[in-house]
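In case you want the letters, here they are:
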Amino acid sequence: MYVDWCTEEDCRQSIRNVFRQTGYLLDPHTAVAKVVADRFQDDRPMLIAATAHYAKFAPDVLYSLGHSIQDSTDTYRLFTALEQLHARPAMHATLQQAVRLPQVHNQVCTASSTDIIRELESFLQRCS
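Residues numbered from 1 in each chain as written. Predicted model: local features only at pLDDT ≥ 70, side-chain atom pairs only at ≥ 80, totals over all residues. Heavy atoms only, no water.

Quick notes on unusual backbone geometry
In terms of backbone geometry, most residues other than glycine have negative phi values and most peptide bonds are trans. Short version of the rule: Secondary structure counts use DSSP, requiring at least four H or I residues in a row for a helix and at least two E residues in a row for a strand, with both numbered from the N terminus.
A cis amide bond links Arg88 to the next residue, Pro89, at an omega of -10°. Within the fold, Pro89 resides in the loop between helix 4 (75–83) and helix 5 (93–99).

Quick look at the pattern of salt bridges
What counts is decided by this rule: For this document, the term salt bridge refers to a Lys or Arg side-chain nitrogen within 4 Å of an Asp or Glu carboxyl oxygen.
Using the criterion set out here, one finds 11 salt bridges in the structure. The salt bridge involving Lys34 is made with Asp38; its shortest N-O contact spans 2.8 Å. One end of the pair is Lys34 and the other is Asp38, both in helix 2 (residues 28–40) and four residues apart, which spans about a single turn. It is possible to trace a salt-bridge network through shared partners that takes in Glu8, Glu9, Arg12 and Arg16.

Overview of helix 4
Definition in use: The buried label applies to any residue whose accessible area, calculated with a 1.4 Å probe on protein chains only, is under 20% of its type's maximum; exposed applies above 50%, and partly exposed to all values in between. This arc is taken over the directions from the axis of the helix to the C-beta atoms. Whether two residues are in contact is decided by their heavy atoms, any of which lying within 4.5 Å being enough.
Within the sequence span of helix 4, burial applies to Leu78, Phe79 and Leu82. For helix 4, the buried positions fall inside an angular range of 95° around the axis, keeping them on one side. Close packing links the buried residues of helix 4 with helix 3 (58–64) and helix 5.

What to know about the packing of helix 1 (residues 8–22) against helix 2
Here is the rule we go by: Note on method: axes are straight lines fitted to C-alpha atoms, helices fitted across the in-contact stretch only, with angles between N-to-C directions ranging 0 to 180 degrees. An angle counts as roughly parallel when it lies under 35 degrees, as roughly antiparallel when it exceeds 145, as roughly perpendicular when it falls between 65 and 115, and as oblique in every other case. Asp, Glu, Lys and Arg are counted as charged, while Ala, Val, Leu, Ile, Met, Phe, Trp, Tyr, Cys and Pro are counted as nonpolar; the rest, among them Gly, fall into the polar class.
Viewed as axis vectors pointing N to C, helix 1 and helix 2 meet at an angle of 90°, and their least axial separation amounts to 8 Å. As summarised for this structure, helix 1 and helix 2 are arranged roughly perpendicular, according to the angle between their axes. Of the residues in helix 2, those touching helix 1 at Asp10, Cys11, Ser14, Ile15 and Val18 are Pro28, Ala31, Val32, Lys34, Val35 and Arg39. Among the residues making up the contact of helix 1 with helix 2, the classes are represented as seven nonpolar, one polar and three charged.

So, the confidence of the model for the protein chain
Heads up, the rule is: Per-residue confidence from the predictor is given as pLDDT, running between 0 and 100.
Overall, the predicted model of the protein chain reaches an average pLDDT of 89, with 100% of residues at or above 70. Per-element confidence in the protein chain ranges from a low mean pLDDT of 84 for helix 5 to a high of 98 for helix 1.

Some words on the nonpolar core
Basically, it comes down to this: Think of a nonpolar core as a cluster: buried Ala, Val, Leu, Ile, Met, Phe, Trp, Tyr and Cys residues, connected wherever their side-chain atoms sit within 4.5 Å.
By size, the foremost hydrophobic cluster in this structure holds 23 residues, and its most contacted members are Ile15, Leu25, Tyr54, Val61, Leu65, Leu82 and Leu85. Considering every element that reaches this core, the biggest residue donor is helix 1, with four residues. In contact with Tyr54, not counting residues within four places along its chain, are Leu25, Leu26, Asp27, Val61, Leu82, Ala87, Arg88, Pro89, Ala90 and Met91.

Have a look at this one:
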């Protein structure tokens, strides 16, 4: 087993290079695994298991590919930009459908446990 890390720039470069060479779009976690695997590569085959879909990290992936991100909270626009890449694997169908639905949750709370609990309680009351 190999354990290591990489810089954010190495991660972005891995996303960019793999996409340009193969059309496959890595999520950032898998890009880190690729960088580390390349460091330890010898004559034995190596398998990297992707842990997430790139669309989950749309702003970071698009930034890695040189796209300027005007509004990283506009999920519809981010997904549209990813779709236009015609990357492999294809966009996740359920995520595509969800992004096209109207946004109903837009409350942002601070990272304090009190605010989070208050927001969760408010959400549960609205749902009951």
